[in-house]
Amino acid sequence: MNARPALDQLGLSTGKRARLHRILYEHGLCNGTALFLPYDQGLEHGPRDFFANPAASDPKYILSLAAEGGFNGIALQIGLAEKFYWDYAGEVPLVLKLNGKTDIPSAIDPLSPVNATVEDAVRLGADAVGYTLYVGTPAQERDFAQYRQVRADALRFGMPLIVWSYPRGSAIDAKGGMDSFYAVDYAARTASELGADVVKVNFPHPEKQSGAAGQYLHEFPTQVAIDAVVRSANRTLLLVSGGERAGDEAMLDKARQSMEAGATGLIFGRNVWQREYGESLRFITQLRDILAKHPAR
Amino acid sequence: MNARPALDQLGLSTGKRARLHRILYEHGLCNGTALFLPYDQGLEHGPRDFFANPAASDPKYILSLAAEGGFNGIALQIGLAEKFYWDYAGEVPLVLKLNGKTDIPSAIDPLSPVNATVEDAVRLGADAVGYTLYVGTPAQERDFAQYRQVRADALRFGMPLIVWSYPRGSAIDAKGGMDSFYAVDYAARTASELGADVVKVNFPHPEKQSGAAGQYLHEFPTQVAIDAVVRSANRTLLLVSGGERAGDEAMLDKARQSMEAGATGLIFGRNVWQREYGESLRFITQLRDILAKHPAR
Amino acid sequence: MNARPALDQLGLSTGKRARLHRILYEHGLCNGTALFLPYDQGLEHGPRDFFANPAASDPKYILSLAAEGGFNGIALQIGLAEKFYWDYAGEVPLVLKLNGKTDIPSAIDPLSPVNATVEDAVRLGADAVGYTLYVGTPAQERDFAQYRQVRADALRFGMPLIVWSYPRGSAIDAKGGMDSFYAVDYAARTASELGADVVKVNFPHPEKQSGAAGQYLHEFPTQVAIDAVVRSANRTLLLVSGGERAGDEAMLDKARQSMEAGATGLIFGRNVWQREYGESLRFITQLRDILAKHPAR
Amino acid sequence: MNARPALDQLGLSTGKRARLHRILYEHGLCNGTALFLPYDQGLEHGPRDFFANPAASDPKYILSLAAEGGFNGIALQIGLAEKFYWDYAGEVPLVLKLNGKTDIPSAIDPLSPVNATVEDAVRLGADAVGYTLYVGTPAQERDFAQYRQVRADALRFGMPLIVWSYPRGSAIDAKGGMDSFYAVDYAARTASELGADVVKVNFPHPEKQSGAAGQYLHEFPTQVAIDAVVRSANRTLLLVSGGERAGDEAMLDKARQSMEAGATGLIFGRNVWQREYGESLRFITQLRDILAKHPAR
Amino acid sequence: MNARPALDQLGLSTGKRARLHRILYEHGLCNGTALFLPYDQGLEHGPRDFFANPAASDPKYILSLAAEGGFNGIALQIGLAEKFYWDYAGEVPLVLKLNGKTDIPSAIDPLSPVNATVEDAVRLGADAVGYTLYVGTPAQERDFAQYRQVRADALRFGMPLIVWSYPRGSAIDAKGGMDSFYAVDYAARTASELGADVVKVNFPHPEKQSGAAGQYLHEFPTQVAIDAVVRSANRTLLLVSGGERAGDEAMLDKARQSMEAGATGLIFGRNVWQREYGESLRFITQLRDILAKHPAR
């Protein structure tokens with residue numbers, strides 16, 4: 001287990017520190033942990049993600065869930081943020097997601113194009129911005145170029161930058177896959193090296209080894225793997241992503257191991273809202289119980 | 001049937017709201033519905049579209065039709081707007097279409113290049129701008145980049161942004177085609193996520209399923225499909241496009257189902273002007289009768 | 001026969017109207033018609049075009065011919081304009097051609113790169129700028145991007161914009177070729193839609209039909225074809241290009257039919273200067289006689 | 001042996017000279033030589049480089065080593081510089097590395113994308129910036145474009161520019177490889193021609209000749225080769241890179257020959273920190289002993 | 001024989017004329033002719049070019065030769081200009097070469113990327129800038145784009161622009177090759193059309209005809225060919241390039257024929273410095289004797 005980095009150790013500017021403080025200590029459990037609700041699947045996958053619970057198609061429903069569930073933040077694309085966040089402005093922090101794409105065209109050379117700016121985030125009263133970096137993509141050059149502008153603007157406006165650090169592309173597929181220990185570990189480090197304030201990663205699967213670097217070709221318990229990933233992120237606050245809907249117990253285990261490893265929190269979407277409202281709230285309570293055991297020291 | 005979103009629910013800036021109010025409540029039926037006349041086929045298809053009614057080749061003829069027919073707006077490319085709109089300035093609202101292309105080169109990687117700016121629209125006294133987004137195109141990255149600038153400029157100038165949200169490209173062809181329920185539904189949601197104020201879509205064909213996402217592989221009545229599409233657009237006002245000339249009864253059915261589903265209006269071009277002037281006016285009257293049954297509450 | 005558009009019908013800014021008035025009413029026949037001398041073949045084809053009349057290699061010779069022949073304008077690339085126009089400044093209007101290319105590399109994806117700006121044209125005292133748009137090129141996206149900047153600058157400086165609207169590329173070759181009625185008609189309309197003030201087209205060949213849109217698969221007399229092309233240009237003044245050297249009678253026929261159709265004038269280069277000086281002047285006189293029969297009303 | 005260039009011979013601006021003076025004469029041995037610690041492997045290779053000595057994964061550990069070992073500078077990417085350098089600010093000079101990439105996607109057309117600016121370096125109190133130039137890459141055009149901006153900004157801010165001048169790409173592979181005498185010699189010259197203040201090169205291997213230019217197809221002793229490379233860098237200060245971990249004696253030999261040839265110093269990373277802390281310090285002492293024999297005259 | 005253009009005929013701005021006057025009438029023979037020393041081979045070919053005379057690897061040696069030999073200018077890349085020109089500032093005019101590339105990667109689509117600006121030239125006290133234009137390259141579009149910026153900046157700063165007008169690429173190889181009469185003639189004209197003040201060309205080889213345009217498929221004496229090339233450059237001052245080291249008599253013949261044809265001067269590098277210092281000076285004297293016979297009238 002690693003010590004979770006404290007806000008005063010991170011070399012943050014005043015603005016970034018103020019906003020992260022608001023997210024971590026004035027919302028949710030107010031104890032330095034965080035639970036985020038991502039809601040960009042309508043763009044990333046299309047309306048098909050809402051067939052399991054049609055009510056979830058309505059952004060107002062989701063915002064209500066985020067507020068009632070006591071989330072530390074909700075991640076939205078610009079369109080929904082403009083049309084729906086004004087109703088809940090200030091009640092739940094907004095993370096404006098700055099890039100995204102549909103999953104219609106093939107993505108052998110994946111890149112998530114920017115569609116909004118840090119200035120949009122400032123205008124809408126957001127407390128952070130999100131950027132998807134496809135670590136390992138052959139489009140690395142254009143990805144870094146986009147990212148560089150976002151990082152510079154976030155610095156200029158004192159806006160915390162959360163990097164969705166996602167291994168993707170054919171080389172990743174050939175080196176263990178997008179949630180292999182090798183790939184997730186590299187992704188965590190990359191976000192740290194490139195100046196993310198917070199990094200969102202998938203939970204690592206140390207058993208996925210085929211093609212990975214030699215150092216990863218051993219049997220690692222998952223706790224060892226997530227410990228290493230948190231270490232690779234060093235002073236970058238780490239969030240573990242939920243991904244596709246899976247069994248509740250498996251999700252809660254991931255959550256426990258992540259917090260144990262020194263993660264700052266969780267960012268769970270489909271596992272939360274692809275079920276009926278009351279059920280969603282009950283699951284959220286279980287997640288909050290885990291976070292409550294890991295207050296900042 | 002969905003409730004049609006009201007202007008005060010949309011998080012609009014003052015300028016956008018003022019202009020949309022002018023379009024929806026001070027022109028046409030003045031009841032919150034809208035009938036638009038698109039006239040960019042001379043660029044998109046070439047003069048061949050005018051052989052059915054040569055008089056329609058003259059933009060002055062079309063403007064006269066738009067004014068006499070009581071349209072809520074006419075969509076023109078920059079060249080025709082500069083040369084012809086001054087004659088009718090203020091009589092019928094102008095939607096300046098900001099991008100477009102010829103259909104001469106193959107479009108396996110379709111993108112509609114921008115040829116005018118929101119500032120041009122302001123200068124010409126337009127009340128909205130139009131942008132064609134090819135949802136699903138492999139050129140998504142460049143498309144989003146263009147679009148982002150347009151969206152930002154529209155925000156800056158308080159100019160409503162109408163997105164022609166058109167599924168296109170080889171991946172779409174392989175997933176049900178450009179007017180499948182899957183594709184149209186995704187297109188409506190994409191426009192909403194990316195910040196369109198108004199979205200123009202094709203009428204969905206739920207029977208086109210080959211290759212579409214699993215959730216769409218069921219028998220859906222067309223009314224169910226158009227209802228879902230309007231819901232996917234959530235707080236984005238939705239217009240249904242006419243497309244190629246087809247039988248009048250089929251077109252009127254589309255119009256009725258769309259308005260029933262909560263669409264804000266229709267945007268019909270070739271179905272209107274690829275016939276003699278008097279006939280055009282009679283068909284317009286039929287469309288207006290439908291709109292009159294769906295006033296804003 | 002179409003009525004030729006008058007300057008006060010075109011929605012022109014003051015600067016554009018002043019300059020077009022200078023070209024059309026203060027030079028040449030001063031009757032609203034125009035005869036232009038294009039001299040960019042040294043870049044487009046290389047010195048080989050001057051072997052037929054080596055004296056024509058000297059830009060000073062050509063400027064002298066333009067002045068003595070009473071042309072309404074001469075089109076030059078930036079280099080020759082800077083080095084030679086000062087000798088004749090004001091005597092014959094300058095059209096600064098803003099883009100061009102050599103014909104050395106293959107041009108399956110043709111684009112004419114910009115090499116000068118509208119600001120250069122202002123600095124040199126030009127009365128118009130020229131831009132080659134390759135209608136139908138697979139490079140449409142980059143072409144429109146370049147063109148858009150030129151159009152915007154021309155607007156800003158009140159500089160008339162003459163579009164060399166040239167169908168080119170493999171798709172055009174497959175649809176009747178670059179001087180088919182289909183292609184020329186589409187090119188005229190495209191220039192009009194995109195905001196050209198003046199459009200230069202090739203004379204249409206209605207017998208070239210192979211692969212063209214169905215509407216063009218009929219026997220059209222050439223007079224009908226050129227009438228249609230002028231109509232497609234609507235309020236864009238139209239110039240007919242001479243192209244490669246051909247027989248004088250054929251050229252004069254083209255000229256007569258074009259003026260009859262409502263063209264504003266002619267732009268003939270190699271047919272003028274690929275012969276001895278005196279002969280050139282005699283041919284010019286024949287062209288002027290035709291123009292004289294079509295004064296503005 | 002070549003004379004090492006003195007600071008007053010280099011045509012430097014005041015700011016560059018002041019900062020280079022600080023690095024060369026106020027840190028390390030303060031005798032005009034330099035020992036740098038590069039620490040960008042977490043981005044370039046991923047966390048796998050830290051498995052040999054897990055403590056080295058922590059940037060704080062490395063900064064402590066740099067300070068205690070008396071290095072003339074440490075090279076970091078923006079993220080680590082922002083999060084960790086404030087703890088050691090001023091104790092050891094910072095070289096902000098401005099570009100970098102992961103080694104996940106294939107690099108047949110290698111380019112190292114910029115992710116930070118010279119202005120970031122100024123803000124963080126750095127004394128130099130680093131840029132990786134892939135000499136021989138097919139991406140030369142984009143590489144030079146990036147580099148040009150960095151060079152111009154470094155000039156503007158008086159910030160010394162250290163070029164990692166690395167031969168890479170298929171053409172290099174076919175001409176002797178990335179550490180052939182031919183390739184390293186060309187790389188040193190390229191950095192000098194393009195305006196580097198300091199150049200970092202690999203130690204040349206004159207026995208790697210297959211495919212190299214004819215002039216290099218002879219038996220050259222390594223001392224002759226490194227002498228030539230230093231000469232090719234002329235007034236650009238030269239640093240020899242350590243590369244992958246190798247035997248200590250081999251490394252010390254490289255160091256001796258380099259300093260003998262007129263190099264200004266060494267930049268050794270993995271050979272330093274891929275071992276236990278005390279061992280690292282002992283190896284550093286051996287390197288310092290070599291530098292001490294080559295003070296500036 | 002053509003008359004060499006005089007400075008007051010060229011439409012030059014005051015700044016360009018002042019600097020060209022300094023080069024042509026205040027250095028070298030001060031008679032309107034010019035002898036330039038190009039020294040960018042270290043970048044273009046690498047250190048291998050210096051093996052024939054290792055002393056020539058040192059830029060200081062070359063600058064000394066330029067000064068002692070009475071050259072009208074020396075062409076350097078930015079790095080060497082910054083590091084070495086300050087020693088000779090004002091003694092021999094500086095031509096800052098703004099683009100260049102290594103010859104390591106294949107160049108089927110050749111482009112010479114810009115690495116310095118006209119502003120750099122102003123800052124360093126240069127009297128001209130140099131730009132390599134690869135006439136006929138498939139990269140024509142990007143080449144013209146780069147060139148356009150250079151031309152505009154040169155105009156803004158009153159800096160003479162010397163174009164290295166070099167036919168290159170597969171199409172050129174198929175049309176007679178890079179020093180065919182066809183290619184060199186076209187290159188001279190292209191530079192003139194695009195606004196070069198001075199053009200550097202290779203000496204034409206009229207016997208290389210395979211694939212060239214029909215007009216060039218005749219037996220032309222070399223004097224006729226170089227006469228034509230100078231004529232194609234019209235009011236652009238022309239310099240003949242030396243190219244690879246060849247026999248002295250052949251070089252002197254080229255020089256005589258070029259000056260006879262109306263060239264302004266010569267630009268010889270490897271033929272000058274790929275020999276011992278004294279020999280270089282003797283060869284320079286022979287070149288100066290030729291120039292002395294062609295003073296400006």
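Our structure's up above, just so we're on the same page.
Below is a short write-up of the structure. (Residues numbered from 1 in each chain as written. Chains lettered and ligands numbered in written order. Predicted model: local features only at pLDDT ≥ 70, side-chain atom pairs only at ≥ 80, totals over all residues. Heavy atoms only, no water.)

Some words on the interface of chain D and chain E
Our working definition: Any two residues whose heavy atoms approach within 4.5 Å at even a single point are treated as in contact. The term buried area refers to how much accessible surface (probe radius 1.4 Å) is lost by two components on association, counted for both of them together. Salt bridge, as used here, is a side-chain nitrogen of Lys or Arg placed within 4 Å of a carboxyl oxygen of Asp or Glu.
Counting from both sides, the interface comprises 37 residues of chain D and, opposite them, 38 residues of chain E. Interface area, chain D with chain E, both sides summed: about 3100 Å², of which 58% is carbon and sulfur. Looking at the side of chain D facing chain E, the largest losses of area belong to D:Y186, D:E193 and D:R235, adding up to 23% of the total buried there. One salt bridge in this structure joins D:R151 and E:E82, with 3.9 Å as the shortest N-O distance.

Side note on the relation of the copies chain B and chain A
The following threshold applies: Least-squares superposition aligns the copies on the C-alpha atoms of those residues with pLDDT at or above 70 in both.
Relative to chain A, chain B is turned by 72 degrees and slid 0.0 Å along the rotation axis, the superposed coordinates differing by an RMSD of 0.0 Å. Here the two chains are linked by the operation of a five-fold rotation axis. For chain B, the smallest separation between a C-alpha atom and the rotation axis is recorded for B:R142, amounting to 9.8 Å.

Things to note about the sheet that holds strand β5 (residues 161-167) of chain D
Residue and element names in this part refer to chain D. Under the convention used in this document: Here the rule is simple: two strands pair whenever DSSP picks up at least two bridges between them. Here a helix means four or more residues in a row that DSSP labels H or I, a strand means two or more in a row labelled E, and each is numbered from the N terminus. Think of each axis as a best-fit line through the C-alpha atoms, taken over the contacting stretch in the case of a helix, with angles from 0 to 180 degrees between the N-to-C directions.
The strand order around the closed barrel built from eight strands is β1-β2-β3-β4-β5-β6-β7-β8, with neighbouring strands paired in parallel fashion. Going across the sheet, the axis of each strand differs from the next one's by a mean of 25 degrees, ignoring polarity. Where strand β2 (residues 73-76) meets strand β3 (residues 94-97), three bridges bridge the pair, whose relative direction is parallel. By the bridge assignment for β3, L76 is matched with L96. Across the sheet, helix α12 (residues 277-292) lies against β1 (34-38) and β8 (265-267), angled at about 145 degrees from β1, the strand it touches most.

Looking at the interface of chain B and chain A
Of the residues lining the interface, 37 residues belong to chain B; the matching set on chain A comes to 38 residues. Buried area between chain B and chain A, summed over both chains or domains, comes out near 3100 Å², and the portion from carbon and sulfur atoms is 57%. Taken as a group, B:Y186, B:E193 and B:R235 account for 23% of the area that chain B buries against chain A, more than any other trio of residues on that side. Our enumeration of links across chain B and chain A arrives at four salt bridges. Between B:R151 and A:D120 there is a salt bridge; the shortest N-O distance is 2.9 Å.

What about unusual backbone geometry?
Residue and element names in this part refer to chain A. The condition that has to hold: The classification of residues rests on relative accessible area computed with a 1.4 Å probe and restricted to protein chains. Under 20% of the type maximum is buried, over 50% is exposed, and intermediate values are partly exposed.
Phi is positive for C30, which is not a glycine, with a value near 55 degrees. With respect to the secondary-structure elements, C30 resides in the loop between α1 (14-25) and β1 (34-38). The exposure class assigned to C30 is partly exposed, which follows from its relative accessible area of 39%.

Describing the pattern of salt bridges
Applying the stated criterion to the full structure yields 90 salt bridges over all chains. A salt bridge links C:K60 to C:D87; its shortest N-O distance comes to 3.6 Å. Remark: C:D87 occurs in the loop between α4 (78-84) and β3 (94-97) and C:K60 occurs in helix α3 (residues 59-68); sequence separation between them is 27 residues. Residue class for C:D87 comes out partly exposed when judged on its relative accessible area of 29%. Across the pair D:D197 and D:K16 runs a salt bridge, and its minimum N-O distance is 2.7 Å.

Here we look at the packing of aromatic side chains
We apply this condition: Ring pairs shown here join Phe, Tyr and Trp side chains whose ring centres sit within 6.5 Å, with only the six-membered ring taken for Trp; geometry is labelled stacked below 30 degrees between planes, edge-to-face above 60, and tilted in between. Only lysine NZ and arginine CZ atoms are considered, and such an atom sits over a ring when it is within 6 Å of the ring centre and within 35 degrees of the ring normal.
Scanning all chains against the criterion turns up 50 aromatic pairs over all chains. Pairing E:F181 with E:F220 gives two aromatic rings, centres 5.2 Å apart and planes at 80 degrees, and the pair type is edge-to-face. Note that E:F181 is positioned in helix α8 (residues 181-193) and E:F220 in the loop between β6 (198-201) and α9 (222-232), a separation of 39 residues in sequence. E:F181 gets classed as buried once you look at its relative accessible area, which sits at 3%. Residue class for E:F220 comes out partly exposed when judged on its relative accessible area of 22%. Ring pairing ties together the aromatic residues A:F51, B:F181, B:Y182, B:Y186, B:Y216 and B:F220, which thus form one cluster. The residue whose ring lies beneath C:K97 is C:W164, and the NZ or CZ to ring-centre distance is 4.9 Å. Cation over ring: E:R275 sits above E:F283, and NZ or CZ is 4.4 Å from the ring centre.

Remarks on the packing of helix α3 (residues 59-68) of chain E against helix α12 (residues 277-292) of chain E
Residues and elements named next belong to chain E. Definition in use: Two helices that cross are described as forming a left-handed crossing if the nearer one is turned anticlockwise from the farther one by less than a right angle, and a right-handed crossing if clockwise. When residue character is reported, Ala, Val, Leu, Ile, Met, Phe, Trp, Tyr, Cys and Pro are called nonpolar, Asp, Glu, Lys and Arg charged, and the others, Gly included, polar.
Viewed as axis vectors pointing N to C, α3 and α12 meet at an angle of 35 degrees, and their least axial separation amounts to 11 Å. Two packed elements cross with a definite hand, and for α3 against α12 that hand is right-handed. Note on element contacts: α12 touches α3 through Y277, S280, L281 and I284, opposite Y61, S64, L65 and E68. Its residues assigned to classes, the contact of α3 with α12 comprises five nonpolar, two polar and one charged.

Some points on the pairing of β3(D)
All names here are of chain D. Using the following cut-off: Consider the strands pointing away from the viewer: the crossover is right-handed when the path from the first strand over the helix to the second runs clockwise.
Both faces of β3 are covered, namely the face carrying L94 and L96 and the face carrying V95 and K97. As for the winding sense of the linkage, the β-α-β connection from β2 through helix α4 (residues 78-84) to β3 is right-handed. Two elements, β3 and strand β4 (residues 128-135), share three bridges in a ladder whose sense is parallel. Pairing of V95 across the sheet is with A128, part of β4. After leaving β3, the chain enters helix α5 (residues 118-123) and then returns to the sheet as β4, a path that is right-handed.

A closer look at the side chain of B:S232
Take B:S232: it is sitting in helix α9 (residues 222-232). On the basis of relative accessibility, which here comes to 4%, the residue B:S232 falls in the buried class.

These figures capture arrangement, not role.
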